[in-house]
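# Summary of the model geometry
This is what each chain is made of:
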Amino acid sequence: MYYLSMIFFQVVAPILLLLVLGGVIQKRFQFNLKALSNLVTFCLMPAAIFLNIYETEVDAAVLGKILLYLFTFIFSLMLISNLLVKILRLEGAKAAVFKNSIVLMNSGNYGLPVSQMVFSTQPLGTAIQIITIVVQNLTTYTYGLYNLIATSKKGLDILRDIIKLPIVHALILGSVMNYFNIPLPQFVSIPLNHVADSFIAIALITLGAQLAKIKMKTLFNKMLYLSCFGRLILGPAVAMVLIYLFRFDGIVAQSLLIASSFPTSRNSSSLALEYDVEPDLAAQTVLVTTIVSCLTVTIVIYMARLLYPV
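All values derive from a computational prediction rather than experimental measurement.

The next subject is the nonpolar core. By size, the foremost hydrophobic cluster in this structure holds 49 residues, and its most contacted members are Tyr-69, Phe-73, Phe-248 and Leu-256. The element best represented in this core is helix H14 (residues 279-307), accounting for eight residues. When sequence neighbours within four positions are dropped, the list of residues in contact with Leu-256 reads Ile-66, Tyr-69, Leu-70, Ile-128, Ile-243 and Phe-248. Val-40, Leu-165, Leu-271 and Ala-272 belong to the second-largest nonpolar core, a separate cluster that totals 43 residues.

Written out as structure tokens, the structure is:
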């Protein structure tokens with residue numbers, strides 16, 4: 001019960017409040033959601049991603065094995081999501097949103113606060129979550145973007161669209177500057193931090209504005225429940241198998257299992273809105289998985305501490 005209340009009031013409740021705020025403002029002022037989406041995708045998101053990668057510091061001794069695990073974990077989820085798409089006979093936009101809902105996790109504004117709370121006295125646990133965020137960003141803006149763009153474009157057109165995105169430039173630039181330890185001038189870092197700090201709030205308010213247009217009856221959708229099952233149940237189950245195969249234990253095993261349990265990425269909804277690929281379904285998936293995760297993440301945290309004692 002302690003973990004349940006802490007996760008709800010420190011992580012889920014703030015997210016829900018911003019969603020409600022976005023819904024209330026949308027009902028009153030009827031914002032142009034496409035313009036808000038452009039602001040998030042082409043300005044706020046690149047700044048947040050650049051700083052996230054640029055400022056990440058990880059012990060090289062554990063980095064290689066953890067990266068191999070994370071890419072194996074994500075590839076396993078891709079295979080599972082593609083299998084479920086074939087079983088459910090989903091096509092086009094619905095298939096793209098469904099696959100993204102299982103593979104892409106909210107490792108940043110949900111996962112990082114949870115890890116900081118659980119591993120407050122063990123920095124390695126939080127460091128592993130930061131690695132997970134970086135890998136998830138890479139997955140979101142490669143695999144996730146490809147899924148969405150491929151619903152309306154083919155071949156080189158997809159590659160051109162991805163290369164043009166400032167998100168991709170931010171990933172590359174942040175990685176290069178991090179690797180070569182290139183200092184960021186203060187006159188650049190100050191406004192960049194201001195822009196990045198506004199990303200979470202505006203992205204969640206935009207998501208809330210999307211949700212304000214959704215009718216309650218559309219929430220009774222089997223795809224939503226299957227997305228919940230895939231993201232919140234199958235994700236941790238796959239992680240447990242891989243943790244055993246990679247022979248992780250202690251804090252590393254705890255952190256990796258907990259990192260596998262977070263709800264569908266908020267960014268998957270932002271990108272679906274930007275490219276007009278089932279944006280309502282994507283927004284619903286983020287909302288429902290976030291609410292249900294209040295219970296499932298609590299259970300996974302309990303299991304992690306029970307299975308992998310320090």
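On we go from here.
Our next topic: the packing of helix H13 (residues 266-274) against H14. At their nearest, the axes of H13 and H14 sit 8 Å apart, and the two run at 170 degrees to each other. In terms of orientation, H13 and H14 fall into the roughly antiparallel class. Facing Arg-266, Ser-268, Ser-269, Ala-272 and Leu-273 of H13, the residues of H14 in contact are Pro-279, Ala-282, Ala-283 and Val-286. In terms of residue class, the contact of H13 with H14 is made up of six nonpolar, two polar and one charged.

Moving on, we get to the packing of helix H4 (residues 92-103) against helix H6 (residues 123-149). As a packed pair, H4 and H6 sit with axes 9 Å apart at the nearest point and diverge in direction by 165 degrees. Between H4 and H6, the crossing angle belongs to the class labelled roughly antiparallel. The two elements H4 and H6 cross, and the hand of that crossing is right-handed. In this structure, H4 uses Ala-96, Lys-99, Asn-100 and Val-103 to contact H6, whose residues at the interface are Gln-136, Thr-139, Tyr-143, Gly-144, Asn-147 and Leu-148. Broken down by class, the residue content of the contact of H4 with H6 amounts to four nonpolar, five polar and one charged.

Moving on, we come to empty space enclosed by the protein. In total, this model carries two cavities of 30 Å³ or more according to the counting rule given. Taken as a whole, the largest cavity spans an internal volume of roughly 50 Å³. Secondary structure elements with two or more residues in the lining of the largest cavity: H4, H13 and H14. With three residues, the top contributor of residues to the lining of the largest cavity is H4. Residue composition of the lining of the largest cavity, grouped by class: four nonpolar, five polar and no charged. In this structure, the second largest cavity spans a volume of roughly 30 Å³. If you trace the second largest cavity, you find it lined by Ser-37, Val-40, Ala-203, Thr-206, Leu-207, Gln-210, Ser-270 and Leu-273. Elements that contribute at least two residues to the lining of the second largest cavity include exactly helix H2 (33-54), helix H10 (199-211) and H13. When its residues are assigned to classes, the lining of the second largest cavity shows four nonpolar, four polar and no charged.

About the criteria used
- Residues numbered from 1 in each chain as written.
- Predicted model: local features only at pLDDT ≥ 70, side-chain atom pairs only at ≥ 80, totals over all residues.
- Heavy atoms only, no water.
- Core = buried A, V, L, I, M, F, W, Y, C linked by side-chain atoms within 4.5 Å.
- Buried < 20%, exposed > 50% of the residue type's maximum accessible area, 1.4 Å probe, protein only.
- Helix = DSSP H or I, 4+ residues; strand = E, 2+ residues; numbered from the N terminus.
- Contact = heavy atoms within 4.5 Å.
- Axes fitted to C-alpha atoms, helices over the stretch in contact; angles between N-to-C directions.
- Parallel < 35°, antiparallel > 145°, perpendicular 65-115°, else oblique.
- Nonpolar A, V, L, I, M, F, W, Y, C, P; charged D, E, K, R; others polar.
- Left-handed = near helix turned anticlockwise from the far one by under 90°.
- 1 Å grid on protein atoms, 1.4 Å probe; cavity = no way out; pocket = protein on both sides within 12 Å on 5 of 7 lines; lining within 4 Å.
- Points joined across faces, edges and corners; volume = space filled by probe spheres on them.

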